[in-house]
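Reading the structure
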Amino acid sequence: MANVRDIRRRIRSVRNMQQITKAMKMVAASKLRKAQEKVIAARPYARQLQEVLARLAQDHADVTHPLLEERPVQRVGYIVITSDRGLCGGYNANLIRMTNSIIAEESREVRLVIIGRKGRDFYRRSKIETIAEFVGLSDNPSYGKAKEIAREVTSLYINGELDEVYILYNEFLSAISQRPTKIKLLPIESPKEESHKEYIFEPSPEEILSTLLPKYVETQVFRTILEGKASEMGAKMTAMGSATDNAKDLIERLTLQMNRARQAAITTEISEIVGGASALE
């Protein structure tokens, strides 16, 4: 059994770790609140923009645009949104597991666009081609960075290097729940349900498409990055909360072990004193 001094030293070490994880949990909770507000604000705009563009493409089938062009799919691209840092539970592992499952079922050529150091480091060891990497996103992602990513992906699609583009990310459901999700980014799909609404477009549909379609791609990329960041902070807050609770349990067990060791040492010392006294009689 370890002596009292060693156990006390270990308790001090665990308590210091507990203070760190507790502070990280509070920081993640603060960042989560801001990220959640941005996600909630971005969802309606992205949803409405997608509906307008899809309806425009459906009602004006003769209108063409490079980002609406459907062609035989030989090369499919996946934008994988991971985190730059760890300590966020299964956030990255769950997303990478889903990505690998999707890739394993693909019969077409797969190319990746990786966002985040964790995804970049993982897929550098694989045989799958990575055609673009974006790392160093802050905890407060800017629209400018999303615009840069969207332009790169759009260029790859227009140039024929990618025939379809999907985004793989963690959808934010709540602070304790994030769901790995796959959505199609390009080409834009027409809605499956028929709409009874009539739309009047001004100016012409061609001009609207040329302006709004790139904006749609940027918005979708920005929204999914925000979803991923909110999910990351939620996962980190949960992981640090669990680590703090585990440290508390460990301290309690170590304290009990220390008390037992101290009691055993006292009992041994008393026995030695009694034994010595008996020997002198």
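Residues numbered from 1 in each chain as written. Predicted model: local features only at pLDDT ≥ 70, side-chain atom pairs only at ≥ 80, totals over all residues. Heavy atoms only, no water.

As for the sheet that holds strand 4 (residues 164-174)
- Strand order in this open sheet of five strands is 3-2-1-4-5, and the pairing throughout is mixed. Looking along the sheet, the strands with just one partner apiece sit at the ends: strand 3 (129-134) and strand 5 (177-186). Averaged over all adjacent pairs, the angle separating strand axes in this sheet is 25°, with direction ignored.
- With five bridges joining them, strand 2 (residues 109-115) and strand 3 adopt parallel strand pairing. (Pairing = 2+ DSSP bridges. Helix = DSSP H or I, 4+ residues; strand = E, 2+ residues; numbered from the N terminus. Axes fitted to C-alpha atoms, helices over the stretch in contact; angles between N-to-C directions.)

Regarding the nonpolar core
- Counting residues in each nonpolar core, the largest one holds 44 residues, and the members touching the most others are Ile79, Leu185 and Val221.
- Secondary structure elements with two or more residues in this core: helix 1 (4-59), strand 1 (75-81), strand 2, strand 3, helix 4 (143-158), strand 4, strand 5 and helix 5 (205-280).
- Broken down by element, this core gets its largest block of residues, twelve residues, from helix 5.
- Filtering out sequence-adjacent residues up to four positions away, valine 221 remains in contact with Ala146, Ile149, Ala150, Ile167 and Leu185.
- Within the second largest apolar cluster, 14 residues are counted, among which are Val110, Leu112, Ile114 and Leu168. (Core = buried A, V, L, I, M, F, W, Y, C linked by side-chain atoms within 4.5 Å. Buried < 20%, exposed > 50% of the residue type's maximum accessible area, 1.4 Å probe, protein only. Contact = heavy atoms within 4.5 Å.)

Section: the packing of aromatic side chains
- Applying the stated rule across the entire model yields three aromatic pairs.
- Seen in terms of ring centroids, tyrosine 78 and tyrosine 166 are 5.6 Å apart; in terms of plane orientation they differ by 25°. Their pairing is stacked. One end of the pair, tyrosine 78, is in strand 1; the other, tyrosine 166, is in strand 4, with 88 residues separating them in the sequence.
- Judged by centre distance (5.3 Å) and plane angle (80°), the rings of tyrosine 143 and phenylalanine 222 are edge-to-face. Residue tyrosine 143 is located in helix 4, and its partner phenylalanine 222 is located in helix 5; the two are separated by 79 residues in the primary sequence.
- Relative accessible area serves as the criterion here: at 28%, tyrosine 143 is assigned to the partly exposed category.
- Classification of phenylalanine 222 as buried rests on a relative accessible area of 18%. (Phe/Tyr/Trp six-rings, centres within 6.5 Å; stacked < 30°, edge-to-face > 60°.)

Observations concerning a nonpolar patch on the surface
- Residues Ile266, Ile270 and Val274 make up a contiguous nonpolar surface patch of roughly 260 Å² in combined accessible area.
- Summarising the element assignment, isoleucine 270 is placed in helix 5. (Patch = residues over 30% accessible without salt bridge, like charges linked within 9 Å, V, L, I, M, F, W, Y side chains within 5 Å. Areas by Shrake-Rupley, 256 points an atom, 1.4 Å probe, with all protein chains shown as cover. Salt bridge = Lys/Arg side-chain N within 4 Å of Asp/Glu carboxyl O.)

Here we look at helix 2 (residues 91-105)
- Counted at 1.5 Å a residue, the expected span for helix 2 with its 15 residues is 21 Å, and the 22 Å between its end C-alpha atoms agrees.
- Restricting attention to buried positions, one finds in helix 2 the residues Tyr91, Asn92, Leu95, Ile96, Met98, Thr99, Ile102 and Ile103. Buried residues of helix 2, viewed axially, fall in a sector of 160°; they line one side. The exposed set on the far side of helix 2, more than 90 degrees from its buried face, consists of Arg97, Ala104 and Glu105. (Expected span 1.5 Å × (residues − 1). Arc of directions from axis to C-beta.)

Quick look at empty space enclosed by the protein
- The tally for this structure, following the rule as stated, stands at one cavity of 30 Å³ or more.
- The greatest single-element share of the lining of the largest cavity, amounting to four residues, is contributed by helix 5.
- Across the lining of the largest cavity, the residue classes tally to five nonpolar, four polar and three charged. (1 Å grid on protein atoms, 1.4 Å probe; cavity = no way out; pocket = protein on both sides within 12 Å on 5 of 7 lines; lining within 4 Å. Points joined across faces, edges and corners; volume = space filled by probe spheres on them. Nonpolar A, V, L, I, M, F, W, Y, C, P; charged D, E, K, R; others polar.)

Here we look at the environment of glycine 241
- One can find glycine 241 in helix 5.
- Here the alpha-carbon distance between glycine 241 and arginine 262, two residues 21 residues apart in the chain, equals 31 Å.

A look at the pattern of salt bridges
- Enumeration over the complete set of coordinates arrives at 18 salt bridges.
- Residues joined by salt bridges that share partners form a network here, namely Lys31, Arg85, Asp139, Lys229 and Glu232.

Regarding unusual backbone geometry
- Put simply, leucine 186 and proline 187 share a cis peptide bond, and its omega is -10°.
- Among the secondary structure elements, proline 187 is positioned in the loop between strand 5 and helix 5.
- In this model, leucine 87 sits at a positive phi of 60°, which is unusual for a non-glycine residue.
- Relative to the helices and strands, leucine 87 is located in the loop between strand 1 and helix 2.

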